[in-house]
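# Observations on the model geometry
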Amino acid sequence: MLVINLCNHLTTSFMRPNHFLTLVFFLLSSVLFAQNFTMEQVGKFSFPSELTSSPTGEKIAWAMNEQGRRNVYLAEGPEFTPKKLTPFDKDDGQEISSLQFSPDGKWLVFVRGGDHGGGNASSTVNAQNLPVLPKVEIWKINLSTQQLEVVAEADAPVFGPPHQLLFLKGGQVWSANLDSSEKPSQLFEIKGNINELSYSPDGKQLAFVVNRGSHSMIGIYQNPETPIQWITPSFHRDSNIHWSPDGKKIAFIRRPGENGAAFPVLEPRHSPWEIWVATIGSEKGQKLWEAPKTLAASYVYPFFDFSGNEDLVYLSYEDGWQHLYALNINSKASKLLTPGNYMVEQIKLSPDGKKLVFSANTGSEPEDLDRRHIGSVEISNGKLTWETAGTGIEAYPVWVGESGKLAFFSATAQRSHLVAVKDGNSTQLLGESLIPTDFPQHQLVTPKQVNFTAPDGTTVYGQLFEKEGGSSTKPAVVFVHGGPQRQMLLGWSYMDYYSNTYSINQYLANLGFVVLSVNYRLGIGYGYEFHKPAGAYYQGAVEYQDVKAAGKYLANLPQVNPAKIGIYGGSYGGYLTALALARDSDLFKVGVDIHGVHDLDGRYDLSPNYEQAPDLDLARKTAWESSPIADLNTWTSPILFIHADDDRNVPVRQTVDLIRRFEELGKSYESIIIPGDTHHWMKWSNMIRVDQATADFLQKHLMD
Ligand SMILES: CSCC[C@H](NC=O)C(=O)N[C@@H](C)C(=O)O
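All values reported here derive from a predicted model rather than from experimental measurement. (Residues numbered from 1 in each chain as written. Predicted model: local features only at pLDDT ≥ 70, side-chain atom pairs only at ≥ 80, totals over all residues. Heavy atoms only, no water.)

So, about the site of the ligand. Residues in close proximity to the ligand include G482, G483, R486, Y497, Y498, Y537, S571, Y572, V597, N649, V650 and H679, which together make up its full environment. G483 places a polar main-chain atom, nitrogen or oxygen, 2.5 Å from an oxygen atom of the ligand. H679 has a polar side-chain atom sitting 3.1 Å from a nitrogen atom of the ligand. Along the lines of polarity and charge, the residues of the shell around the ligand split into six nonpolar, five polar and one charged. (Near = heavy atom within 4 Å. Polar contact = N/O pair within 3.5 Å; in protein donor to acceptor, adjacent residues only side chain to side chain. Nonpolar A, V, L, I, M, F, W, Y, C, P; charged D, E, K, R; others polar.)

Dropping the structure here:
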């Protein structure tokens with residue numbers, strides 16, 4: 001395409017004076033504007049996950065995904081030289097999760113296999129389509145001898161008394177001795193499914209949550225002779241167990257039990273939740289705090305913990321932003337620790353319980369709204385310290401040792417994530433050599449923060465990727481993230497799925513596209529009202545107006561050809577991509593729908609209760625009208641469907657059904673099914689295949 005344009009211009013220009021300068025300009029622009037890197041090269045982004053620190057000493061460990069080869073790395077102060085502890089050298093689709101140190105810092109354990117980013121996490125992933133299924137296993141590493149060994153075919157390990165490892169299997173608790181290779185044994189028997197374990201600080205009592213269907217209760221196991229002790233059992237759902245440092249109290253979250261009245265489904269309602277505390281040995285507990293009866297305060301964040309024997313910290317949306325609060329058990333008074341129009345996530349309590357460290361989208365620049373920086377706060381006095389600043393992205397901080405050192409993931413707009421260690425004012429980047437030499441970080445553009453207004457007046461933010469130079473009228477693409485509770489950033493994402501889409505957007509920009517990644521409502525980072533609007537998804541798809549506004553924003557850019565605008569997205573982004581093509585093929589001329597959702601009609605196919613919501617018929621009608629399949633007659637743009645057939649987040653039948661409807665209507669389409677892989681492209685070569693197919697399809701239809 002570029003060569004053809006260049007020849008046309010050269011031919012034209014030879015009829016004009018001053019040919020030499022014209023020739024130099026176009027030769028220079030053809031070099032500058034030539035595509036600089038391949039999808040495979042930009043797909044070699046380094047991706048760390050599972051960052052954890054040892055309870056003793058200055059040790060950190062993390063999982064590193066290097067083109068599908070996932071391994072455990074260890075680094076120890078003061079040098080923090082990364083050391084690979086595992087030998088997994090194949091792009092085999094086996095995830096590493098639950099990475100953790102033993103309480104004495106002498107062991108590392110992790111789970112290899114499964115897909116913990118969605119449902120059915122412990123089901124094996126066979127992305128290599130081997131004739132023998134891989135196993136989901138718990139592994140242990142002896143940090144003295146570096147010996148690596150499988151503990152059991154199981155998931156979700158939790159450390160118990162010294163050198164004892166617990167894990168869940170079939171909803172029951174099993175125990176393994178880390179010092180021996182003897183077979184694990186079931187610790188005790190109980191009816192129902194256990195889904196949470198937490199050992200007391202002295203290692204003598206095991207608190208657990210057992211799900212009994214309509215309700216869940218917290219029990220304590222001590223030994224084979226002692227009956228289970230229940231912690232203020234009730235007809236509710238108790239969960240999120242936390243022990244006080246002295247082991248005398250347990251705090252937990254209480255939510256309503258099953259069913260209740262059939263309230264109107266289309267009317268947003270407050271969802272109550274409470275923080276309770278119980279003294280071990282006493283039957284009765286006490287309610288410490290209940291969420292204010294507002295919609296914003298309904299949102300339950302899984303973070304809360306004891307910061308001392310008489311104080312708790314928790315995350316709440318009650319002031320319209322995800323903020324941290326301190327709560328005193330005796331006065332029941334709560335105190336806001338992180339005031340301001342920004343969100344807090346990825347929180348860790350310091351070993352002494354006196355400070356919290358977190359990631360937040362705020363800083364000295366307006367663009368920090370679409371970044372992440374590390375902050376810490378002293379719980380006693382609310383003293384806030386911003387640990388990082390600038391144009392990078394920092395996430396998932398952990399405390400290292402006892403002297404206030406921090407480790408976190410760090411990226412820029414160009415460099416993908418690596419682990420960084422901060423000690424006072426100095427920050428050390430670990431493992432830069434893990435980034436492949438042909439990873440094109442110096443050819444990547446810096447996305448620009450833009451915003452525009454949706455038809456209902458809502459301000460919508462986006463990131464604009466564009467390489468300088470090139471044609472005066474460029475083709476353009478809207479990228480729609482999934483989740484939808486996500487925020488795309490002005491740099492590499494701390495989520496592997498979105499680091500991948502960031503690499504696609506960089507590749508498309510390098511090809512000559514103008515790419516707009518739209519942070520549509522339902523996303524996080526912009527406050528409660530934006531994150532939780534009424535009438536979204538199958539209740540009216542109110543968020544779609546932001547996606548359409550993104551297309552119109554591109555169409556109005558002087559450098560964009562409004563007749564050459566495409567759209568792509570995955571998962572929830574695939575849903576909105578399909579909705580855009582079904583409703584507005586005149587604006588979106590082509591699309592790639594990656595594991596999207598297309599039929600929302602079944603959202604209310606619940607087992608008939610003795611009563612039905614009064615607005616159930618309207619709700620069903622709205623769900624149908626919010627589905628892409630409701631508007632197939634106006635879908636005229638070319639489409640590429642992509643879906644893996646072991647997807648546990650969006651069932652592949654969503655695409656099977658839509659393709660069948662296309663065939664019944666005689667509509668053309670292109671499609672790729674990826675046997676054995678999941679929602680998260682566990683096999684790197686599948687990810688590259690999908691990325692390349694996405695870019696090629698957009699280029700085929702939008703570039704001359
Ligand atoms: C509501 S449709 C399911 C979308 C899916 N959510 C969780 O699995 C999704 O978007 N997944 C990825 C891409 C994500 O969580 O961001």
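A few words on the side chain of Q67. Mapping Q67 onto the fold places it in the loop between strand 2 (59-66) and strand 3 (69-76). Classification of Q67 as buried rests on a relative accessible area of 12%. Polar contacts involving the side chain of Q67 include one to the main-chain carbonyl oxygen of K44, which spans 3.3 Å. Residues contacting Q67, with those up to four places away along its chain left out, are K44, D91, P436 and W684. (Helix = DSSP H or I, 4+ residues; strand = E, 2+ residues; numbered from the N terminus. Buried < 20%, exposed > 50% of the residue type's maximum accessible area, 1.4 Å probe, protein only. Contact = heavy atoms within 4.5 Å.)

Across its 12 residues, helix 6 (residues 544-555) extends 17 Å between first and last C-alpha, which sits within 8% of the 16 Å expected from 1.5 Å per residue. Within helix 6, burial applies to Y544, Q545, D546, V547, A549, A550, G551 and L554. Structurally, helix 6 contributes buried residues whose contacts are with strand 33 (448-453), strand 34 (459-465), strand 35 (474-480), strand 36 (514-519), strand 37 (560-570) and helix 7 (572-583). (Expected span 1.5 Å × (residues − 1).)

The next thing to look at is the UniProt feature "domain: Dipeptidylpeptidase IV N-terminal" (unreviewed entry) in the protein chain. When the UniProt feature table is mapped onto this chain, "domain: Dipeptidylpeptidase IV N-terminal" (unreviewed entry) is found at residues 306-380. Measuring from the first to the last C-alpha atom of residues 306-380 gives 13 Å, for a span that is 0% helix and 45% strand. (UniProt positions renumbered as here; feature names shortened; annotations may be inferred.)

Turning to the nonpolar core, a few remarks are in order. Ranked by size, the top nonpolar core spans 62 residues in total, and within it I60, W62, L508, F513, Y568 and L698 carry the most contacts. The leading source of residues in this core is helix 10 (residues 684-702), at nine residues. For this core, the domains that each give at least three residues are domain 1 (302-443) and domain 2 (446-606 + 614-702). Counting 51 residues, the second-largest nonpolar core is a separate cluster that includes A578, A580, L587 and F662. (Core = buried A, V, L, I, M, F, W, Y, C linked by side-chain atoms within 4.5 Å. Domains from an automatic or database assignment.)

Moving on, we come to the pattern of salt bridges. Taken as a whole and judged by the stated rule, the model has 25 salt bridges. Where K90 meets D89, a salt bridge forms, and the shortest distance between an N and an O atom there is 3.6 Å. Each member of the pair K90 and D89 is classed as exposed. E466 is the salt-bridge partner of K474, the closest N and O atoms lying 2.9 Å from each other. Residues participating in the shared-partner salt-bridge network are E274, K287, E290 and K293. (Salt bridge = Lys/Arg side-chain N within 4 Å of Asp/Glu carboxyl O.)

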